[in-house]
Every structure is written in C-alpha cells, then in structure tokens.
Amino acid sequence: MKLFTSLVTAALLSGAMPVMAETQNITWWDFFAGGDGVRMKALIQQFNEENPDIKVNATTLEWGTPFYTKVRTSAAVGQGPDVMTYHLSRLPMGLKEGILTPITDADLAAADLKQDDFYAPALAAAKGPDGTLYAVPFDIHSTVLFYNKKLLEGTPYLDADGNLTGVDSLEGFEGALAAAKEKGSTAPISYATGDDGGVYRVFYTLLAQQGGELISADGQVLPGDSADKAVRAVEIMTKWYENGWQPEQALYEASVALFTSGKSAFFFNGAWEVPTMVDLEAKKELGFEWGVAEIPPLMGKQTNWADSHGWAIPIQGKSEMSPEKRAAVMKLIGWMEKHSLAWAAAGHIPAYKPVASSDEFKAMKPNSNYAGLADHATYDPRSPVAGVASPVYDAAVNVLAPAIHGYMPADEAIAQFRAEIEGAMK
C-alpha cells in the first residue's frame, strides 16, 4: 500500500512540474579558416556556454566554390545547415538557385534587431531585387591601403604624424610610387597581380571611382560609357607594371610577402590582412612602421570594392524549419551581431552600427582609421555571375591579368572581358 501511495504521489508531483523545454540543436556551416576560424570558434563556444537551451553544432567547409556547391545540393534535399555564413556578393546566385529563405521583420525582432541597425550599402547587398531581406549582414570587409612609413620618410607623402598626405588623386598617388622607387622600393605598390581577386578588386575600385558600372540592374555589361572607364582602369594598372611599380604575376602569398618584407611602399589588399601586420609587429618581425587607410579617391569618387559576410537561413528541402528552431537561429544571429567587436579584431568593420559606433570600436586601432568606408563602399554587381568565386572573377584572371602585363591592349581586353561575362549569363 505504501509503495502504491508513493508511486501515485510521485506521478502527481511529476505531472505538476513544468516540462523542461527541449534543447534546440542548430546545424551551422561556415567557411572560416585561419585567424577568422579561431575567432569564430571562440564566439560559438561562448554562445553555447551562455545559452544552455541552444546547442550550435558547427562545421567549417572549404571556402569558395566548394562551399556554395555543397550548400546548393544539400539544401535542396533537406540535408543542409540551419544557418550558414554567406558572402552577400553571392546572394543573387543563391536567389537564382532558390535556396535562401526570406528574413522577415518578425525574424529580426526575435533577434532583437531591426533593419536600421545596419549600414545602408551592406543592407542593400543583403536584399533581393524586390527589397526582400535574405541575409543579415555581419561585417564589411573591403580593400584598404597599407603603407610603409619607412619608404615614405622624407617624401612629400608622409606628414609629421606619420599619416599619408598628398595621395588623394591619381597624379599624387603615382608621384608617391615614383618617390618610393627612388628610395629603393622594388615594388612600390603590391597586390596580387596574378590572382583573380587581387586583379579584380583593384580594377573594380578604379572603375567604381569613375562612376562606372560593371553590370547594370537590367543585366547590361559595362553599359553607357562604362566600357571606356574600364579601359582607363586597365591602362592605369598596365602603366604601374610598365613603370616597374607593381610586381609581375604575383600570387596572393607573394604579394603579401613583398609588403611585409619591406620591399613595397604600398599594398592593396583586404582589411583581413590587418591581423597579419599586427601579429608581425608584436613579434618584432617587421622592420618598419606601417599604417593603413581607406583607398584614396584616385579617380575622383571616394569608394572602393567591398563585400560582407552575412547570416543566411537556407531552405530545408521540401520541409519547413519549426518556429521554435527558427527563433533559436535568430537568437543566435542577434547574439553574434551584439558580440561582433570580437570579430572586428580580424580587421573587419562591424555591419551592426551600434557596435561600429561604440567607444570600444572607436578605440580599436587601426580598424577605426578606415571605418568610414562602410558608408560609401561599392559592392559587386547584383548579378548571378558576379561575386566571390564567380565567372566575373574568372574573367578577371583570364583576361585582365594578362592585359595589365602587356599581353593585350586595354581596349581589346575589355571587349573580351565583356564577352566572357555576357557568355556566362546565357
């Protein structure tokens, strides 16, 4: 009898107790390696520790085409992630493939976010043609201009505080290249002249600074007078080669080494290389003082190539994500945005303005020196053939890279460049 009474009492008590909420397991995919990977893994670990009701199970895949191919094939059959990192430049391709789900205002509210929290260029890149949001911007990563103060000392291009001066025009910048060469710089301006990304980003920046357009909203390649402006960009890059100012067919690693070894006065690359410089300086393995700034308005307009990492929620095959899991995913995204100061240490600018405008970020040097580019960055064309690991990048290395080394006249190169992009659109 006592045993029966005990069992009944236990059952009543257990029925009166609240049912514990089920832990939401989130499948996460990213493409972050190196220092980026270390920082992201630390953020994920911190989130899991602070949110015991959600478990993020993270997988890192190979950057570029392999990542996007796997996302496309897996999401279509319901074997993809619940949330993933996504280059906003690839968003038009994702929309064409039909693998991205809209992010609604209700989703943003669940993350304690709103659209006005983000820089306008990044937010625009996260939307489809009809204004629907398909990703949440996380950062803005852009080309910047690194410079070697030692190679500019005693020239008119370095002020008393060690800041660049007199380079806000093409004439001024090329004057600085000539002055650096006279001081012994073997490659006054280094960038990846034999690499798709290096060539494309410099070309696209020079085109955008002239007000040129690579692909219009209606799908025209180099519309209006943009072809002439593209020719001008290639002519400038060719001149830098002919004058011995830039390296010949340098791949990415070689372009970095030219600057870090002290052979280049300037270095065009992404802000993601800031940690490289900071680490070398801390180890006392850098033989010069360095600085970094926005790329000057060489062609008149203050702008430069940029992209963003964002958060996207892919389709789940023919199924739909449960409301509970989607709420957990949005909670994760909101948490990441509010903790993006740690991500900014990788050289990126937070796309979430409350962090980017914080005193903590303003004190983060040298990142805040070039933070202004977030307001006037130019993203890749909103086209399925553009963006990272795209046909546009392929055309840059196949056509533009040989042209800037004198293998083809600039006008012929742009004609072929245009033809390759138009061919990819068919």
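Residues numbered from 1 in each chain as written. Predicted model: local features only at pLDDT ≥ 70, side-chain atom pairs only at ≥ 80, totals over all residues. Heavy atoms only, no water.

The name recorded for the protein chain in an unreviewed UniProt entry is Extracellular solute-binding protein, from Paracoccus broussonetiae subsp. drimophilus. Taken verbatim from the UniProt record of the protein chain, the Sequence similarities (unreviewed entry) comment is "Belongs to the bacterial solute-binding protein 1 family." (UniProt positions renumbered as here; feature names shortened; annotations may be inferred.)

## A closer look at the overall build of the protein chain
Within the protein chain, the regular secondary structure consists of 18 helices and 12 strands. Taken against the 2.2 N^0.38 rule, which gives 22 Å for 426 residues, the C-alpha radius of gyration of the protein chain at 25 Å falls within 12% of a compact globule. Here the C-alpha coordinates of the protein chain stretch approximately 100 × 50 × 35 Å along the principal axes. Of all 426 residues assigned to the protein chain, the portion counted as buried reaches 56%. Here the protein chain displays about 18,200 Å² of accessible surface, and carbon together with sulfur accounts for 53% of that area. Side chains of the protein chain give 33 positive and 52 negative charges; the mean places of these two sets differ by 4 Å. (Helix = DSSP H or I, 4+ residues; strand = E, 2+ residues; numbered from the N terminus. Rg over C-alpha atoms; globule rule 2.2 N^0.38 Å. Buried < 20%, exposed > 50% of the residue type's maximum accessible area, 1.4 Å probe, protein only. Areas by Shrake-Rupley, 256 points an atom, 1.4 Å probe, with all protein chains shown as cover. Lys, Arg positive; Asp, Glu negative; His and termini not counted. Charge placed at Lys NZ, Arg CZ, Asp CG, Glu CD.)

## Examining the side chain of S216
Its location among the elements puts S216 in the loop between α9 (196-209) and α10 (226-242). With a relative accessible area of 10%, S216 lands in the buried category.

## Looking at unusual backbone geometry
The omega angle of the peptide bond from K365 to P366 is 5 degrees, so this bond is cis rather than trans. Position of P366 among the secondary structure elements: in the loop between α16 (359-362) and β12 (378-379). The phi dihedral of L222 falls on the positive side, at around 50 degrees, and the residue is not glycine. Turning to its location among the elements, L222 is positioned in the loop between α9 and α10. The class of L222 is buried, set by a relative accessible area of 0%. Of note, the phi angle at K284 is positive, near 60 degrees, even though the residue is not glycine.

## Examining the packing of helix α8 (residues 170-182) against α10
Closest axis-to-axis distance for the α8/α10 pair is 12 Å, and the angle between their directions is 15 degrees. Considered as vectors, α8 and α10 are oriented roughly parallel to each other. In the packing of α8 onto α10, the handedness of the crossing is right-handed. In contact with L170, F173, E174 and L177 of α8, α10 contributes R232, I236, K239 and W240. Of the residues belonging to the contact of α8 with α10, the class tally is five nonpolar, no polar and three charged. (Axes fitted to C-alpha atoms, helices over the stretch in contact; angles between N-to-C directions. Parallel < 35°, antiparallel > 145°, perpendicular 65-115°, else oblique. Left-handed = near helix turned anticlockwise from the far one by under 90°. Contact = heavy atoms within 4.5 Å. Nonpolar A, V, L, I, M, F, W, Y, C, P; charged D, E, K, R; others polar.)

## Thoughts on the pairing of strand β2 (residues 54-60)
Sheet topology note: the strand β1 (residues 24-30)/β2 ladder contains seven bridges and is parallel. Of the residues in β2, the one forming a bridge with W29 is T59. The parallel pair β1 and β2 is bridged by helix α2 (residues 34-50), and the resulting crossover is right-handed. (Pairing = 2+ DSSP bridges. Right-handed = clockwise from strand over helix to strand, strands pointing away.)

## Quick notes on the packing of α2 against helix α13 (residues 323-338)
In contact at an axis separation of 11 Å, α2 and α13 are set at 120 degrees when each is read in the N-to-C sense. By the criterion of interaxial angle, the relationship of α2 to α13 is oblique. Note on packing geometry: the crossing formed by α2 with α13 is right-handed. On the side of α2, the interface is formed by M40, L43, I44, Q46, F47 and E50, while α13 contributes K331, L332, W335 and M336. When its residues are assigned to classes, the contact of α2 with α13 shows seven nonpolar, one polar and two charged.

## Some details on the sheet that holds strand β4 (residues 136-137)
Strand order across the open sheet formed by five strands is β2-β1-β3-β10-β4, with mixed pairing between neighbours. The sheet is open, and its two borders are formed by β2 and β4, each paired with just one other strand. Together, β1, β2 and β10 (309-312) form the strand contacts of α2, whose direction differs from that of β2 by roughly 165 degrees. Strands β1, β2, β3 (83-87), β4 and β10 of the sheet are contacted by α13, whose axis makes an angle of about 55 degrees with β1.

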